[in-house]
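The primary structure of each chain is shown beneath.
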2 protein chains.
Amino acid sequence: MAEQSHFHLRQTCPDSGARAGELRMVHGSVATPVFLPVGSHGAVKTLTPGEVWDIGMRMVLANAYHLYLRPGIETVAVMGGLHKFMDWGGALLTDSGGYQIFSLAPLRRVSDQGVTFRSHIDGSQHFLTPERVMQYQVALGADIIMVLDECPAYGDSPEKVREAMMRTHRWAERCQQAQERDDQALYAIVQGGVFPDLRRQSAEYLTALDFAGYAIGGLSIGEPKEKTLAIVEETAALLPEDKPRYLMGVGSPEDIVEGVARGIDLFDSTLPTRVARNGALFTGQGRRNIRNAAFSRMEQPVDHGCGCVTCRTFSSAYLHHLFKSEELLGLRLATIHNLYFMRSLMDRIRSAIVDSTFRAFRDDFWANYQPTDEATRLDQKQKWLKGREKDF
Amino acid sequence: MAEQSHFHLRQTCPDSGARAGELRMVHGSVATPVFLPVGSHGAVKTLTPGEVWDIGMRMVLANAYHLYLRPGIETVAVMGGLHKFMDWGGALLTDSGGYQIFSLAPLRRVSDQGVTFRSHIDGSQHFLTPERVMQYQVALGADIIMVLDECPAYGDSPEKVREAMMRTHRWAERCQQAQERDDQALYAIVQGGVFPDLRRQSAEYLTALDFAGYAIGGLSIGEPKEKTLAIVEETAALLPEDKPRYLMGVGSPEDIVEGVARGIDLFDSTLPTRVARNGALFTGQGRRNIRNAAFSRMEQPVDHGCGCVTCRTFSSAYLHHLFKSEELLGLRLATIHNLYFMRSLMDRIRSAIVDSTFRAFRDDFWANYQPTDEATRLDQKQKWLKGREKDF
C-alpha cells in the first residue's frame with residue numbers, strides 16, 4: 001500500500017521521455033524531476049540545513065556507508081535518527097553504500113553472502129550484507145532507501161559485469177525480504193554496465209520484483225557521455241511507468257536536462273557542490289570560474305538576474321577576493337549559488353513539462369549553454385579512479 | 001569636534017579600573033567595553049556579515065595590510081569602500097598594518113621615512129609610509145583607523161624597543177597631520193614593550209598630541225601574562241579618562257575580564273574564531289574541545305543554556321561528528337558559538353559595570369572559569385614566532 005502511493009505521475013511529454021510527478025513521503029511531498037544535493041556525512045558541505053531549505057531544496061541524499069563508518073549507525077540511532085541528528089525537516093534518501101564500497105574502500109572481497117572491505121578512514125575491516133545494510137538504513141530512518149548493489153568499473157569484461165549484476169539481483173531480493181518499515185520506500189538498482197542486453201535483463205528482473213522505485217546505477221564512471229545517455233534512454237524505457245526512476249550520481253545541468261528528456265525523475269550528485277568549492281559557478285551560459293581575473297572588479301553577480309542570496313548580496317569582485325584569499329566564506333557562497341541554480345533549473349524543467357513546452361525549453365537551454373563535457377568527464381573519471389587505486 | 005564627540009564615558013567602577021561607555025560613529029553607536037571579531041581580509045572567517053550581525057556584533061576589525069596586498073586598496077575603493085565591499089552595515093576599525101608587517105612580512109627594512117617589506121603572499125616588495133597608510137585607510141573608509149607603528153619583538157633590548165617607540169611617535173604625528181576625513185576617528189598606539197618607563201614616555205607623548213583614542217600595542221606576543229597585565233594597568237592609568245582605550249590583539253575571555261578591570265574599552269583578537277576552527281568551544285567553565293570522545297553521543301550543547309544558533313539547533317554529538325568528519329560546517333558552527341559567547345560576555349561585563357556589580361561579576365567569573373593560560377600563551381607565542389621566522 002505504502003509503495004503504491006509513493007509516486008504519482010502527473011504528466012508525460014508527447015515529444016520526449018520527460019515526465020512530471022510527485023514523490024509522497026512522511027517528510028513531505030517532492031515534485032519531480034528533482035535534484036538531490038549530497039550530504040554524505042549528514043551535512044551538505046559548508047551549509048546548514050536551514051540554508052539548504054531556504055534555497056528551496058526539500059530532499060537531501062546521505063550515505064549509509066559514510067555514516068556507518070563515522071559516527072556509526074548506532075550513534076545516529078541513539079540521537080533520534082538521521083533527520084533529528086542533522087536537523088533536517090525535509091525528505092531524506094540514503095544510499096546503501098554499494099557505490100561507495102566499490103569506489104572508495106580498499107581491499108574488497110565480494111561473495112554472495114556480502115562484501116568485506118577496509119574503511120577508507122582507518123583501514124579497519126568491515127563486512128556488510130544486504131540484510132545489515134537494510135537494518136542500518138531502517139535505523140537511519142530516511143524516506144527512501146536503496147538496495148545494496150555491486151558496482152563494476154567501466155572497462156570490466158561483460159562476464160564480470162554480468163556476475164555483478166546477477167549478485168545485485170539476488171541482493172535486491174534479500175533487501176526486499178528484509179524490509180521492516182512501510183514508511184520507507186525501497187528502490188532497486190539496475191546494473192549491467194554499458195551492455196544493453198545486460199541492462200535489459202536487469203530492468204526486467206527487478207521490475208518483476210515490484211520495488212517502490214528504480215535506480216539506474218553504474219553510470220558516469222568514465223564511459224563516453226553518448227554511451228551514458230544511450231544506456232539511460234534504453235533502460236528508462238524498460239522501467240514501469242508508474243514508478244520513479246532515479247539516475248544515480250548525475251550530475252551537471254546539461255546531463256540533467258538530457259536525463260529528464262529520457263524519462264528520469266530523480267538525480268543526485270556531488271558535482272554542483274564540489275565544483276562550487278573549486279570556484280566554478282553555474283550560469284545559463286555554462287560554468288564560470290570566479291578566480292578568473294575578469295571578475296576582480298565586477299560589481300554584478302556572476303549569474304546575471306540570479307535570485308540566490310549570494311548573487312543578491314555580494315559582487316563578483318568580493319567573491320573573487322574570497323576565493324583568492326582562501327576564505328571559507330567563498331566556498332559557502334559559491335555552494336549556495338550552485339544549489340540555487342540547480343533548484344531553479346529543476347523548477348523550470350518541471351514547469352516546462354507541465355506546460356508542454358519542454359521541447360522548447362531544452363532547445364533554449366542548449367542554445368545558451370556551453371557545456372564543459374570534457375572537464376566533467378575527466379573530473380568524474382579521476383574521482384572514480386582515485387577510489388579504485390586504493391585497491392592495490 | 002568629531003574627535004571630542006567620538007567617545008562618551010558613562011560609568012566608572014569604584015573598586016577597579018573598569019568603565020562603561022559608548023563609541024559614536026557614522027555606522028552606529030557601540031557600547032563599551034566591546035570585543036571586535038577579526039575579518040582580516042574583509043570577512044570574519046567562515047561567517048557572512050549577516051551572521052556576525054545576528055550574533056549581536058556591531059563592530060568588526062579588518063586589516064589594511066591584508067587588504068592592501070589583496071585585493072588591493074584601489075579595488076576596494078572602486079567597489080565603493082570596505083563597508084559596501086563586504087556588505088557590513090555596522091562599524092569598522094582598520095588596523096594600519098604595523099603589527100602585520102612586523103609579524104608576517106619577511107625582509108623588512110625600517111627607516112624614519114617608512115618601512116620596506118616583502119609580501120608574505122608572493123614575495124613582492126612594498127614600501128609603506130605613515131602618509132600612505134593614512135591614504136589607504138581613508139580609501140577603505142573604516143570608522144576607526146590606526147596610526148602606523150613599529151612593533152618590536154618580545155626579548156628585544158630596551159634600546160631597540162626605545163628606538164621603535166620613538167619612531168612610532170614620529171609616525172603618529174605624521175599620521176595625524178595626514179588625516180583627511182573628520183568622520184574617521186584616528187587612534188594612536190602606545191609602544192614601549194615591557195619597560196614601564198618607556199610605556200610612560202609613550203603614553204605621555206601621544207596623550208599630548210590629543211588623538212581620538214589610544215591603543216596599547218606590542219603586548220601578548222610571548223611575554224608572561226603577569227607582565228602583560230601589569231603593563232596594561234600601568235599604561236591605562238596614564239591615558240586620558242575621556243578617550244577610549246584599546247588593547248590590541250587581546251584576547252581570551254579571561255584576558256578580557258582582566259583587561260576591563262584595568263580600564264580597557266576595546267579589544268580585538270583572532271583567538272575566539274581561530275580556536276573555534278580547532279574545535280575549542282568557550283563555556284563559562286573554560287574551553288572544551290568538541291573532538292573529545294565525551295561529546296560523541298551527548299544530546300546537550302557543549303555550553304549549557306547558551307542561546308546561540310549552534311547550541312539551540314544542534315547536539316554536541318552532531319558538532320563532534322562534523323569535526324571528526326572534517327566538515328566545514330563544523331568550523332562555522334563553532335565560530336558562531338565562540339563569537340556569541342564573546343558578545344554575551346561583553347554584555348554581562350557592561351551590565352555589571354553599569355550596575356556597580358563588576359567586582360562580584362569578576363569573582364564569579366573566576367570561581368567558575370578554568371583558564372588555559374599555558375595553551376593560550378603558547379598559541380600566541382608560536383603565532384608570533386611563525387611570523388618572525390620569515391625574517392631569515
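As shown above, the structure is provided for reference.
In this report, the structure presented in the accompanying data block is examined.

Conventions used here
Residues numbered from 1 in each chain as written. Chains lettered and ligands numbered in written order. Predicted model: local features only at pLDDT ≥ 70, side-chain atom pairs only at ≥ 80, totals over all residues. Pairing = 2+ DSSP bridges. Helix = DSSP H or I, 4+ residues; strand = E, 2+ residues; numbered from the N terminus. Axes fitted to C-alpha atoms, helices over the stretch in contact; angles between N-to-C directions. Contact = placed C-beta atoms within 7 Å. Buried ≥ 20, exposed ≤ 12 C-beta atoms within 10 Å, placed from the backbone. Right-handed = clockwise from strand over helix to strand, strands pointing away. Parallel < 35°, antiparallel > 145°, perpendicular 65-115°, else oblique. Left-handed = near helix turned anticlockwise from the far one by under 90°. Nonpolar A, V, L, I, M, F, W, Y, C, P; charged D, E, K, R; others polar.

So, about the sheet that holds strand E3 (residues 28-32) of chain A. Pairing between sheet strands relies on hydrogen bonds along the backbone, with the strands arranged either parallel or antiparallel. All names here are of chain A. The antiparallel open sheet is built from three strands, whose spatial order is E1-E2-E3. Each of the sheet's edge strands pairs with one partner strand only, and the pair in question is strand E1 (7-12) and E3. Direction aside, neighbouring strands of the sheet carry axes that sit 15° apart on average. Across five bridges, E1 lies against strand E2 (residues 19-25) in antiparallel orientation. Counted as the bridge partner of phenylalanine 7 is leucine 23 from E2. In this fold helix H14 (residues 328-354) packs onto E1, E2 and E3, with an angle of close to 120° to the strand it touches most, E2.

Moving on to the pairing of strand E11 (residues 185-190) of chain A. Residues and elements named next belong to chain A. Within E11, six of the six residues are buried, which leaves the element mostly enclosed by the surrounding structure. Here E11 shows two buried faces, one formed by Ala185, Tyr187 and Ile189 and the other by Leu186, Ala188 and Val190. For strand E10 (residues 144-146) and E11, the ladder comprises three bridges, and the chain directions are parallel. If you follow isoleucine 144 over to E11, its bridge partner there is alanine 185. As defined by bridge partners, E11 adjoins strand E12 (residues 213-216) across four bridges and the pair is classed as parallel. By the bridge assignment for E12, alanine 188 is matched with tyrosine 214. You can see the chain leave E11, run along helix H8 (residues 196-208) and come back into E12, and the turn it takes is right-handed.

The next subject is helix H10 (residues 253-261) of chain A. All names here are of chain A. Of all the nine residues making up H10, eight are buried; the element is thus mostly covered by neighbouring parts of the structure. Within the span of H10, buried status applies to Pro253, Asp255, Ile256, Val257, Glu258, Gly259, Val260 and Ala261. Phi for glycine 263, located one or two positions after H10, is positive at around 95°.

Each partner contributes to the interface: chain A provides 30 residues, whereas chain B provides 30 residues. Contributions of two or more residues to the side of chain A that touches chain B are made by helix H3 (73-78), helix H4 (82-86), helix H13 (316-324) and H14 of chain A. Among the elements that make up the side of chain A that touches chain B, the one with the highest residue count is H13(A) (five residues).

A separate point is the packing of helix H6 (residues 130-140) of chain B against helix H7 (residues 158-177) of chain B. The relative placement of two packed helices comes down to the angle between their axes together with the axis-to-axis distance. Residues and elements named next belong to chain B. Contact geometry of H6 with H7 gives a least axis separation of 8 Å together with a crossing angle of 45°. Taken together, the axes of H6 and H7 lie oblique to each other. As H6 runs across H7, the sense of the crossing is right-handed. Residue-level contacts link Pro130, Glu131 and Met134 of H6 to Trp171, Arg174 and Cys175 of H7. Classifying every residue of the contact of H6 with H7 gives four nonpolar, no polar and two charged.

Here we come to unusual backbone geometry. Note: most residues except glycine have negative phi, and most peptide bonds are trans. At the junction of B:Thr32 and B:Pro33, the peptide bond is cis and its omega measures out at 0° in the coordinates. Here B:Pro33 shows up in the loop between strand E3 (28-32) and strand E4 (34-36). Non-glycine residue A:Glu326 carries a positive phi angle of around 55°. Mapped onto the secondary structure, A:Glu326 falls in the loop between H13 and H14. Non-glycine residue B:Asp210 carries a positive phi angle of around 55°. Residue placement: B:Asp210 occurs in the loop between helix H8 (196-208) and strand E12 (213-216). Judged by C-beta crowding, with 12 C-beta atoms within 10 Å, B:Asp210 ranks as exposed.

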